[in-house]
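Okay, here's what each chain looks like letter by letter:
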Amino acid sequence: MALPDSYTMKTGSVPAYFDAMLDAQPPERFSLKFLENLGFTSTNDRLFMGILKDLGFLNRDGQPQQRYFDFMDRSLSKQVLAEGIREGYADLFAVNTKANDFTVADAKNKLRTLYAGKKTDLVIGHIAKTFRALCDYADFSGGASPRKERQPKEFAEDTTSAERDPVVRHIPDEPSLPSGKIKVTGLQYHINIVLPDTRDQGVFDAIFKSLRDHLG
């Protein structure tokens, strides 16, 4: 069942929790000490770690997962959280794809059915309030996962390796040119000039004038 067991008693602190994470370097392990270093020293604050695990930010050992690192991009952080909520509360979103718009009462009523008596009404109430607080902070307007980048049209179809290789391109044949004429495009010339050992300025002027006249 894709429903969380975690909740927080301090739903009003949800924005502060995530904002503090954005201001700190991701740890090797999200421990109680790290949480305290973020400024959250209450025993009730510890419940937030369980929420991060259920949302896919941490593994069961508290090590940050890719979603945590994606969250650190401030331009995408709230969309990344929305993705975690959709996955963590997948059964709730299966009931209603717009579950993020539920009120606390709406969420609680649906969760009662989904938990099927496995949790007390009090706990379900805390989970519903936590869900609502998380949704208020997240951004669900983006729809698809922000990590899924659209593949360039040039490589969208399954083609041969030569066609997929951005370096290999078919170059149309150039039209034939009249005899005696050469068409050169896209070439660079590097000319090394060895100047004579002289202090006569006139010699240098003559050399550079000749280059100008013949090379343009």
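The structure we're discussing is the one just above.
Note that the structure is a prediction, hence the values are computed from the model and not measured.

Draft legend 1. A look at the overall build of the protein chain. Helix and strand counts for the protein chain come out as 10 helices and zero strands. Looking at the protein chain as a whole, 32% of its 216 residues qualify as buried. Put simply, 62% of the contacts in the protein chain that link residues at least 6 apart link residues at least 24 apart. Approximately 14500 Å² of the protein chain is accessible, and the part contributed by carbon and sulfur atoms is 50%.

Draft legend 2. Representation of unusual backbone geometry in the model. The backbone of Ala116 shows a phi angle near 50°, a positive value even though the residue is not glycine. For Ala116, the position within the fold is in the loop between helix H7 (104-115) and helix H8 (121-137).

Draft legend 3. Layout of the packing of aromatic side chains. Under the definition given, this model contains 14 aromatic pairs. Summarising the aromatic geometry, the rings of Phe18 and Phe57 are spaced 6.1 Å apart at their centres and angled 55° between planes, so their arrangement reads as tilted. Pair noted here: Phe18 is in helix H1 (residues 14-22) and Phe57 is in the loop between helix H3 (47-54) and helix H4 (66-71), with a separation of 39 residues, a long-range link. Accessibility classification places Phe18 together with Phe57 in one group, the buried group. Between Phe30 and Tyr68 the ring centres are 6.4 Å apart and the planes differ by 55°, which places this aromatic pair in the tilted class. One end of the pair, Phe30, is in the loop between H1 and helix H2 (32-37); the other, Tyr68, is in helix H4, and 38 residues separate them in sequence. Each member of the pair, Phe30 together with Tyr68, is buried. What links up through ring pairs into an aromatic cluster is the set Tyr17, Phe18, Phe30, Phe34, Phe40, Phe48, Phe57, Tyr68, Phe69, Phe71 and Tyr137.

What counts and what doesn't
Residues numbered from 1 in each chain as written. Predicted model: local features only at pLDDT ≥ 70, side-chain atom pairs only at ≥ 80, totals over all residues. Heavy atoms only, no water. Helix = DSSP H or I, 4+ residues; strand = E, 2+ residues; numbered from the N terminus. Buried < 20%, exposed > 50% of the residue type's maximum accessible area, 1.4 Å probe, protein only. Contact = heavy atoms within 4.5 Å. Areas by Shrake-Rupley, 256 points an atom, 1.4 Å probe, with all protein chains shown as cover. Phe/Tyr/Trp six-rings, centres within 6.5 Å; stacked < 30°, edge-to-face > 60°.

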